[in-house]
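Residue-level listing of the chains:
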Amino acid sequence: MSEPGRRKKRSQLRKLYTFTCGRSSLPPDDSLPVGGPGFSRVVYCNEPEKRAQQSYRDNYVSTTKYNVATFFPKALFEQFRRVANIYFLFAAGLSLTPLAPFTASSLIAPLVFVVGVSMIKEAVEDWRRFLQDKEINNRKVEVFVDGKFLKTEWMKLMVGDVVKVEKNDFFPADLLLLSSSNEDGICYVETMNLDGETNLKIKEALEVTSDLENDASFQSFRASVKCEDPNPNLYTFIGSMEYKDQSYPLSPQQILLRDSKLRNTDYIYGVVIFSGHDTKVMQNATEAPSKRSGIERKMDKIILFLFSVLVLISLVGSIAFGIKTRDDTPDWWYLNPTNITDYYDPKKPALAAFLHFITALILYGYLIPISLYVSIEIVKVLQSRFINEDQNMYDEETDKPARARTSNLNEELGQVDTILSDKTGTLTCNSMEFLKCSIAGTAYGQGLTEVEIAMVDRLIQEDLDSVQAGTVGGRGKTKENSKKANKKRRKEFLERKGPEIAGRLGIEFSELQDIFSENEDDISNLDGPEMEGNTETMVNTEMRANPHVKGFNFKDTRIMNGQWVHQTNKEDIRMFFRILAICQTAIPEVDDSAETIYYEAESPDEAAFVVAAREIGFEFFKRTQNSVFLHEPDPVTGKRVRDPVTGNDLAHEYRILNILEFNSTRKRMSVIVKDEQGRLFLFSKGADSVIFERLSRKDRRGFEADTRSHISKYADAGLRTLALAYRELGEEEYKRWNKEFLAAKNSLGADRDAKMDAITDEIEKELILIGATAVEDKLQKGVPQCIDRLAQAGIKIWVLTGDKVETAINIGFACSLLRQGMEQLLITLDTPEINALEESRNKEQIAKVCHEKIESRLKELENKVTSSRENNDVYALIIDGKSLTYALHKDLKHIFLKIATLCASVICCRVSPKQKALITRLVKEGTGKTTLGIGDGANDVGMIQEADIGVGISGVEGMQAAMASDFSIAQFRFLERLLLVHGHWCYRRIATMICYFFYKNITFGFTLFYFEAYASFSAQPAYNDWYMSLFNVFFTSLPVLALGVFEQDVSAQVCLKFPVLYQEGIQNALFGWSRIVGWMVNGVYSSTIIFFVTTNILKHQAFREGGQVSGMEIFGATMYTCIVWTVNCQIALALSYFTWLHHLFIWGSVAFWYFFLFVYGSIKPTFSTTAYKVLVEACGPSPMYWFITLIVVISALVPYFTYSAFQRRFFPLYHSIIQWVKHEGKDRDPEWIAVLRTSRMRPIQSGFTERVEARYQYVKAKILKKPGNRARGLRN
């Protein structure tokens, strides 16, 4: 509740963020389409009696797949999408008829068990989603009820309710801002969960409602809002409010969207416009899809194939049975042919054949493994448990482990072809650090980026290898040398070439020595290419040694601690940092307890600039409506100047006359200020391409070329750069210009923006260059290394972000998706021509022109990219959201996708959540490959749900993405282990497990067919009923579970060391049709050997000591024993990794068969039937039984063993090669490592390693005097 005498903060900053410098003076626009189609919503504010007559949605939000009413029908539908389940449902129905060869319960019970287990798993996973929804729906917010504000749950909000939201709380619905704790009705909003941006947005209430500030004022508040219907457009809003008999136009400036957060404002009052699933963030969300892995979908095709085989052999058997029934039944006197049923009636052979066909469909059902689905479900749940318990994916800082929120997609993790990633909060930490700068042609700042450190260490490593190999440039083996020798060689190389390298990098030689000496143990453990991705321990060593200031990682003794006053260019340095301190829109906040000033800025890099100025001595500490105040150091001593009267630091005031703000078209920001001496200055900062073309031709100072060179080096090292310039203005010149500026600002025509751009261009010219900044965009820990390994694995990475183009490009450079030398293919509609056209508001004309421009641009780029493929040119595609609207049209999207897939990197900027989902769908459907979407905010939910695999970052700011995801991790870097280790293992395990399952069931099922043919197709099973019932339950189930859970072809360390191994999954090498058919053929062969060898040996031989031959019970037990031994030995041959559990399950299953046969055979014959005493009295004492088992098992397994040995020797897969390399101890040999890492499915053109390679070749050519080695990406 508001206190009557509360004190409001005054915020006089509106002029800082807008050209208008005041409230909108535009009259209501009668052309607004409110009330027309799509604009029919009417909201009665604070009028519950009228609201009751409307039927708008409540504020309850659900992300679950099921509810109480839909669970059973939807879950059953999910289960019977599986072909095998449909077949067994059919078989279970037939089991109720006399035609079934087995009892009904033996078929119905397994089906109920399989379907029930799967449905329970689905229910548990959806219950977790429900609990997460419940937590959000039960958050509290204050609502105006009966004359006062009371706390209530979010889900109880209704359209028209007036709510009060406190600082740092999320908005519970889409609200119309009425007033705020700031007197002029503005508030600051963070929209990271919506568009990924951390910049604070300013929202502004209408002036007529900004005085609503307490309970009494809301008691009489009544208004109605007419606006657009619910839609997913985050950046637009059309409506009007009728209040006190007047109508006021509304814009997005007055709308506060659900899931954005109130920042730097104590509280706001607002009225609910859209609630629940009508809110814009939920309109952008897509319904939680039902995802199935590619392997599972393919498994359905395999089962359809096996069902076709089943039908075929059933048909063959039924035809043969019909013929025998017609021709031979009259002679079978023992069947009493005069009194038989239709099943054996020789007068009705067709009917007999048909009935036999139905029976055979059930009898041969063992070809289709119903237990496969249950086994896979169990295995996947256990695999998910291993993912959840992996300590290497646990983030201590946030106390969050990895979570597999569904187990259906484990194997998909090993087949990812394309990753579509959000930027803010996913790749970045949302912070910048001032690292280097160039002032008047002199480079300052001695820190190194990861790219530079990796490049230097590679130079050292190559020199070491050359010396060891005894040849210049050779790649020798380093494993024979001790660490002591390595350190000595490195030290010698640094002493010999270090000063030259340091000079090329723009740092002091001592700095280079410090960095490498502090990390000598880390470096000396690296061998050749192994150094890639391991530079993390070598970065920012100075930050560990000294207390770190957020936003500032600059070190240079020439400038720090007031030493800049001794530089010859000290006036330039003074002007440089003065511009950084003044040319900004940040808001200073003083922490009295820590006596520190913090800054709330529109962007992280702007905050880094003011922090850098403060650390050098130019402290920005206060802002008013028209001025900024600085503490500046004395230009002689470099120390703060004290006020002789107060004794405090002397403040210098700079009056802000105009702010010409930054946008993506201008690519620069300028301020016009007046200092205490009355001088007028224009301070400007922006992209170097924009600033350099506005430099004065008369006042050139001779260091432009050096500044350009420094900017190029900074960009190549992954830093974000801006150029700084200024000019002094004359009083009359400014007055004339300001008059024109005010006239353009107050104009109401459609060409207002064009006039503003033109008038600002007039003043921003004849600039004097002062220097350039270089800030490091702080990525999350390990992001460049993670991206590098994923790129080496052959995975393509797309970045989809709500950020502007420039920001996204800088991030691309920072994480090495982009590098110098990559040609950037930009597709944008942010041009003066299109902007002018949009002012006309002719939507049809705008759409037509934009479509034509995008079509023309796409065709131009298509020709360019396809024609230069042979030249190995490297391209990066960059496109903005407006252009994507047209590029995703039906007639253009395939051209866009073709261009994108031919580029090394793809970055999509200013995209809406809906566009993220559409791009993901295009890539998924257009390429037919597995896609993975990863993000951390509510704006990423659509992308996450649309992708084949959705990964959510469980970050600090909300859990929406994690809640909607299939897997959640705390940091992007854990994606590397999730895919390359768990993904590879899960794919290999599931693929091998399924192939083996079909093998063993074919082996078992075909012996039934052979026996039926042997027995004149009489539908007589070869085995005891319990043998068949327990085959997949006890005698072969546990080994396959052990394979699915514990199998490892290589260790986790080797998976990460050789990312090329992951390409087996991308190429689907372990579950292709050739491999599947090979396992099936192996099964047919094994069944043939088992049946015919057993039959022919037993057929005419005395089996027992008394000379008795074997009967059906002995034949069945012997053949079944051979099957149990063969399929269990087969899985032992297929395994690469044995644990005690593998041995226990494999040999234990074989032993259990003998134990079962002994116990079951000891039961009275009315129950055990053909198994009675068969082991003790018949099989066990007979040497023939054991001889047959040995001969059959060896004969059945020899072909597989021979084929495996032949393939490993002449056509090895990646895992076979790496296993051999590891076994032979060559995994630390640089030559073998290089060979394995270049054995790629596609050339690697992005990533940290490729960027280091480019920088390395450049510096090597310069330092080591080896012309011609300059990287192709650095051509001038």
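Below you will find a few notes about this structure. Every value quoted in this text rests on a predicted model; they were computed, and no experiment measured them. (Residues numbered from 1 in each chain as written. Predicted model: local features only at pLDDT ≥ 70, side-chain atom pairs only at ≥ 80, totals over all residues. Heavy atoms only, no water.)

### Details of the nonpolar core
When a protein is soluble and globular, its nonpolar side chains tend to lie buried together. Counting residues in each nonpolar core, the largest one holds 111 residues, and the members touching the most others are Ile 994, Tyr 1023, Tyr 1027, Phe 1071, Tyr 1120 and Trp 1153. Looking at which element gives the most residues to this core, the answer is helix H32 (residues 974–1014), with 17 residues. Residues within four places of Trp 1153 in sequence aside, it is in contact with Tyr 1027, Phe 1035, Ala 1117, Tyr 1120, Thr 1121, Val 1124 and Tyr 1185. (Core = buried A, V, L, I, M, F, W, Y, C linked by side-chain atoms within 4.5 Å. Buried < 20%, exposed > 50% of the residue type's maximum accessible area, 1.4 Å probe, protein only. Helix = DSSP H or I, 4+ residues; strand = E, 2+ residues; numbered from the N terminus. Contact = heavy atoms within 4.5 Å.)

### Here's the deal with unusual backbone geometry
For Asn 168, which is not glycine, the phi torsion reads 70 degrees and is therefore positive. By the element assignment, Asn 168 lies in the loop between strand E4 (162–166) and strand E5 (174–180). Non-glycine residue Ala 440 carries a positive phi angle of around 55 degrees. Assessed through its relative accessible area of 16%, Ala 440 is described here as buried.

### Quick look at the packing of helix H28 (residues 893–901) against helix H29 (residues 913–927)
One can describe the packing of H28 onto H29 by two numbers: an axis separation of 11 Å at closest approach and a directional angle of 80 degrees. Viewed along their axes, H28 and H29 adopt a mutual orientation that is roughly perpendicular. Of the residues in H29, those touching H28 at Lys 893, Phe 896, Leu 897 and Thr 901 are Leu 922, Val 923, Gly 926 and Thr 927. Per-class residue counts for the contact of H28 with H29 are 4 nonpolar, 3 polar and 1 charged. (Axes fitted to C-alpha atoms, helices over the stretch in contact; angles between N-to-C directions. Parallel < 35°, antiparallel > 145°, perpendicular 65-115°, else oblique. Nonpolar A, V, L, I, M, F, W, Y, C, P; charged D, E, K, R; others polar.)

### Details of the pairing of strand E15 (residues 416–421)
Taking burial as the measure, the 6 residues of E15 include 6 buried ones, the bulk of the element. Here E15 runs beside strand E31 (residues 930–935); their pairing, made up of 5 bridges, is parallel. Bridge pairing in E31 places Val 416 opposite Thr 930. (Pairing = 2+ DSSP bridges.)

### Some details on the packing of aromatic side chains
For the coordinates displayed, the defined rule picks out 60 aromatic pairs. Here Phe 552 and Phe 554 contribute two aromatic rings whose centre-to-centre distance is 6.0 Å and whose plane-to-plane angle is 45 degrees, an arrangement assigned as tilted. Taking relative accessible area as the criterion, Phe 552 reaches 8% and is therefore assigned buried. Residue class for Phe 554 comes out buried when judged on its relative accessible area of 5%. Taken together, a centroid distance of 4.2 Å and an interplanar angle of 10 degrees make the contact between Phe 1004 and Phe 1031 stacked. In this pair, Phe 1004 is assigned in helix H32 and Phe 1031 in helix H33 (residues 1025–1035), connecting sequence segments 27 residues apart. Judged by relative accessible area, Phe 1031 falls into the buried class, the value being 0%. Its guanidinium or amino end placed over the ring of Phe 692, Arg 708 lies 4.1 Å from that ring's centre, counting from NZ or CZ. Over the ring of Phe 1210 we find Arg 1209; its NZ or CZ atom is 5.5 Å from the centre of that ring. (Phe/Tyr/Trp six-rings, centres within 6.5 Å; stacked < 30°, edge-to-face > 60°. Lys NZ or Arg CZ within 6 Å of the ring centre and 35° of its normal.)

### Topic: the sheet that holds E4
On the basis of which strands lie adjacent, the open sheet formed by 6 strands has the order E3-E2-E4-E13-E5-E11 and antiparallel pairing. Unpaired on one side and paired on the other, strand E3 (148–153) and strand E11 (255–256) mark the two borders of the sheet. In this structure, E5 lies alongside strand E13 (residues 267–274), joined through 6 bridges in antiparallel fashion. Considered in E13, the bridge of Ser 180 is made with Ile 268.

### Description of the pattern of salt bridges
Inspection of every chain in the model, using the stated rule, returns 45 salt bridges. A salt bridge links Glu 190 to Arg 263; the shortest N-O distance between them is 2.7 Å. In this pair, Glu 190 is assigned in strand E6 (residues 186–190) and Arg 263 in strand E12 (residues 261–263), connecting sequence segments 73 residues apart. Judged by its relative accessible area of 9%, Glu 190 falls in the buried class. Put simply, Arg 614 and Glu 615 hold a salt bridge, and the shortest N to O gap is 3.0 Å. Residue classification places Arg 614 among the buried residues on the basis of a relative accessible area of 13%. (Salt bridge = Lys/Arg side-chain N within 4 Å of Asp/Glu carboxyl O.)

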